[in-house]
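# Working through the structure, step by step
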Amino acid sequence: MSLRLTWVQPEDLVGHELRQAAEDGRDASAVAHRWRAAGGTPAPPAAGASPRPAPPRLRTLALRLLDELDALPAPFAGREPTGLPAIGAACPDWPGPRPRDVPGRAGHGTDDRTRDMPGRGTDDPPETGPGRGTDDPPETGPGRGRDGPPEQRLHAAWLGRAAGCLLGKPVEKLPLHAIRALARATGNWPLSTWFTARGVPPGLLAAHPWNRRSAPTSLAENIDGMPEDDDLDYPLLNLLLLQRYGRGFGTADVARLWLDELPAGRTFTAERVAYRNLLQGVEPPETATRHNPFREWIGAAIRADVHGWTHPGDPAAAAEQAHRDAVLTHTANGVYGAMFVAAALAVAAGGAADVHTCLREGLRVVPPRSRLAAAVRHGIATAAAHDDFNTVVDRLHSAYGAYHWVHAVPNAALLAAALTHADGDFTGSICRAVSGGWDTDSNGATAGSLAGLLAGSPGRLPERWTAPSRTVSPPPSAGSTVSASTRSPASRTPTPPAPPTPPEPPARPARPARPTRPTRPTRPIGRIRTHDRHRRARRPQHGPRRPCPGGGGPSRRDRDGRQPRTAPRAAGARGDGTGTHPGQHSPSSAAASPPARRVAPGPGTTRPAGSRGHRTHRGSPTPPTPPRSRRTSHDPQETRKEPPCTTPTPPVPSPARPSRPARPSRPVRPPRAGRSPGCASSTWPPCSPGRSRRRCSATSAPM
């Protein structure tokens, strides 16, 4: 299965370029003859690609013919220029800059040329008659849109653009007679609300199916929020353009932004061709002319809203900004369509004009001899001359039916006619723009944008148009005059209650300050060290240490300021129970008994509370060890009565600590040669001569 990428296949572009050449006065008869003789087909009438790809020979010929068509001279180039200086020179009534002393009122004055233009002026009374109004209460009135703050006007413009686009989506690409038949089948003609498939005969739906991409999301029974659409993608993209590059952006900046943020699959017609040219290394503005037969279509006009919104009351600045955006993809009338829309929206955003003034000011930035200017004037004049809008549409299709349904010229004429005939009414503006056919969703979006600005606030738009989109109103910023009472019902969303604040936990009472521990009197410094082959004994954290009766100074641990041991070791804890400290050496005991292994404490011996025990001999049972405890009092008068070193310490009742598993017994180490004469301990291996000044690990037991 082959992939048919729309709007870029060379064999399809040739047919579109031949049609464009006929519209702009170029003689392409020789190229058309060669194309038909080779078996080439005309352009697809509605779709973006023919159903089957061309053979390689025909595709190669198509590329060569496109180059020849691009080189043909354009006879209308003098009266339809593309460069901004030439456009300004061709517009004798180009609007001036906005006056600084009157914000939002620029370009509103009229002269003889604009006052005599066909169409109702600002002083004309509104006309009535069949199809002239709607059943809705008027969203406009005296001073309509003039009392709303700018934030409210822009919000209404965004909601209006979404509503008009959504209304036109299901009938996009359908011919005019099909749109009328589908609406009449459900009693919705003249068009006044959403399209629906309920009640439409199956045969009519089979003959004129809805737009396959839009029907699941844009019919009345299917609408659930505003679906994605390029008519809303580009305003968001242009907001990002202004944030990133500012109002002084260039056309190359637009190209950079597209390559960074715009997927190629979300572009169509001229935008897709320009995107392809960018990827092939073509630089703007040549991206708008190389193999681009869509360069005068409506694509640039649907990107122009933000340029008008951001220049309220300054149509000239809005048109210049829209020009820098449009020339990336379009030329001549395609660029004029964008400039016309931007200028008209800028006047409406100023909040001090009606729809007829907006259209006149929009025409001031379009070369008056161009085809688009002539079409806009024709649309305004036709709408002013006929009360029945169906008659207006029929006359426009008769005059511009030879153009493609996405071309800028016929769609600009229909947009101007719909806005003029509705006289600023929101429902009438979007319904007339959609019911006229051609590019229904784009015309509906632009008409809704301008009519929303004229309404002035979302609350003045009918709820049936804003509610289905479920658009949430942004919270007002600091200093903004937007209030919740002026928002539309669709934009009001109930604010969920704030979760209850959990009560703060009660403050923990402060601990009483510990009394200062009394300073222990200074003791003579000894030179007793611990044998480095054995682990240093662990000592408790609290309690003064009582020296052994046998004498001896404090250990190095005591001298360094570390915590002393709380209580002495029980007799026999590391020896044979005779009361001799296993760590002290005596000449009389060296020959009397051979070195023996350490044994576990007897059943009557235990460690004092708060002390950490020593490791027991492997293979010996381990008695229950009470947990460590802290003394809660440091009263100097509270002294611990310790028993003599030879008396076992009575057990302290406390919860038993789980005993450690018994370790396998270790073989008795035989005495080594070279002992120092007379090691006093009979339960510990005698010390070597080189370590005679050191003692064994149990330094706390009394002698």
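Residues numbered from 1 in each chain as written. Predicted model: local features only at pLDDT ≥ 70, side-chain atom pairs only at ≥ 80, totals over all residues. Heavy atoms only, no water.

We now examine the overall build of the chain. Scanning the chain from terminus to terminus reveals 24 helices and 2 strands. Every one of the 703 residues in the chain was classed for burial, and the buried ones make up 50%. A fraction of 76% describes how many contacts in the chain between residues 6 or more apart in sequence connect residues 24 or more apart. With an accessible surface of roughly 33,200 Å², the chain has 56% of that area assigned to carbon and sulfur atoms. (Helix = DSSP H or I, 4+ residues; strand = E, 2+ residues; numbered from the N terminus. Buried < 20%, exposed > 50% of the residue type's maximum accessible area, 1.4 Å probe, protein only. Contact = heavy atoms within 4.5 Å. Areas by Shrake-Rupley, 256 points an atom, 1.4 Å probe, with all protein chains shown as cover.)

Here we come to the confidence of the model for the chain. The predicted model of the chain averages 75 in pLDDT, with 59% of residues at 70 or higher. Predicted confidence for residues 524-537 stays below pLDDT 50, and this span has 34 contacts to residues more than four positions away or in other chains. Residue range residues 554-623 is modelled with pLDDT below 50. Its contacts to residues more than four positions away, or to other chains, number 176 contacts. (pLDDT = per-residue confidence, 0-100.)

Its place among the elements puts Asn 443 in helix H21 (residues 440-455). Judged by its relative accessible area of 2%, Asn 443 is buried. Once you skip the residues sitting within four places of it in the chain, Asn 443 turns out to touch Ile 298, Asn 411, Leu 414, Leu 415, Ala 433 and Gly 437.

Attention now goes to the packing of helix H1 (residues 10-23) against helix H3 (residues 56-70). The packing of two helices is summarised by the inter-axis angle and the distance between the axes. At a minimum axis distance of 8 Å, the contact between H1 and H3 shows a crossing angle of 30°. The angle between H1 and H3 falls in the class roughly parallel. Like other packed secondary-structure pairs, H1 and H3 cross with a definite hand, here left-handed. Residue-level inspection shows Pro 10, Glu 11, Leu 13, Val 14, Glu 17 and Leu 18 of H1 in contact with H3, the latter providing Arg 59, Ala 62, Leu 63, Leu 66, Leu 69 and Asp 70. Looking at side-chain class alone, the contact of H1 with H3 contains 8 nonpolar, no polar and 4 charged residues. (Axes fitted to C-alpha atoms, helices over the stretch in contact; angles between N-to-C directions. Parallel < 35°, antiparallel > 145°, perpendicular 65-115°, else oblique. Left-handed = near helix turned anticlockwise from the far one by under 90°. Nonpolar A, V, L, I, M, F, W, Y, C, P; charged D, E, K, R; others polar.)

Another aspect to go through is the packing of helix H6 (residues 150-168) against H21. One way to put it is that H6 packs onto H21 with a least axis distance of 6 Å and a crossing angle of 155°. The angle between the axes of H6 and H21 places the two elements in the roughly antiparallel class. Of the two possible hands of crossing, H6 and H21 adopt the one that is right-handed. Across the interface between the two elements, Arg 153, Leu 154, Ala 156, Ala 157, Gly 160, Arg 161, Gly 164, Cys 165 and Gly 168 of H6 pack against Thr 440, Asp 441, Gly 444, Ala 445, Thr 446, Gly 448, Ser 449, Gly 452 and Leu 453 of H21. Residue composition of the contact of H6 with H21, grouped by class: 6 nonpolar, 9 polar and 3 charged.

Another aspect to go through is the packing of aromatic side chains. Per the counting criterion, the structure on display carries 7 aromatic pairs. When the ring of Phe 294 is compared with that of Trp 297, the centres are 4.6 Å apart and the planes differ by 55°; the resulting orientation is tilted. Like Trp 297, Phe 294 is buried. Pairing Tyr 400 with Tyr 403 gives two aromatic rings, centres 6.4 Å apart and planes at 45°, and the pair type is tilted. Accessibility expressed as a relative area gives 12% for Tyr 400, which makes it buried. Since its relative accessible area comes to 15%, Tyr 403 is described here as buried. Joined through ring pairs, the aromatic side chains of Trp 7, Phe 294 and Trp 297 make up one cluster. The ring of Tyr 234 carries the charged tip of Arg 303 above its face, separated from the ring centre by 5.9 Å. In this structure, Arg 324 is placed above the aromatic ring of Phe 249, and the distance from its NZ or CZ to the ring centre is 4.7 Å. (Phe/Tyr/Trp six-rings, centres within 6.5 Å; stacked < 30°, edge-to-face > 60°. Lys NZ or Arg CZ within 6 Å of the ring centre and 35° of its normal.)

Examined against the element boundaries, Ala 28 turns out to sit in the loop between H1 and helix H2 (29-37). When its relative accessible area of 10% is taken as the criterion, Ala 28 is described as buried. For the pair Ala 28 and Leu 72, spaced 44 residues apart in sequence, the C-alpha separation works out to 7.8 Å. Not counting residues within four places of it along the chain, the set of residues in contact with Ala 28 comprises Leu 18, Ala 21, Leu 69 and Leu 72.

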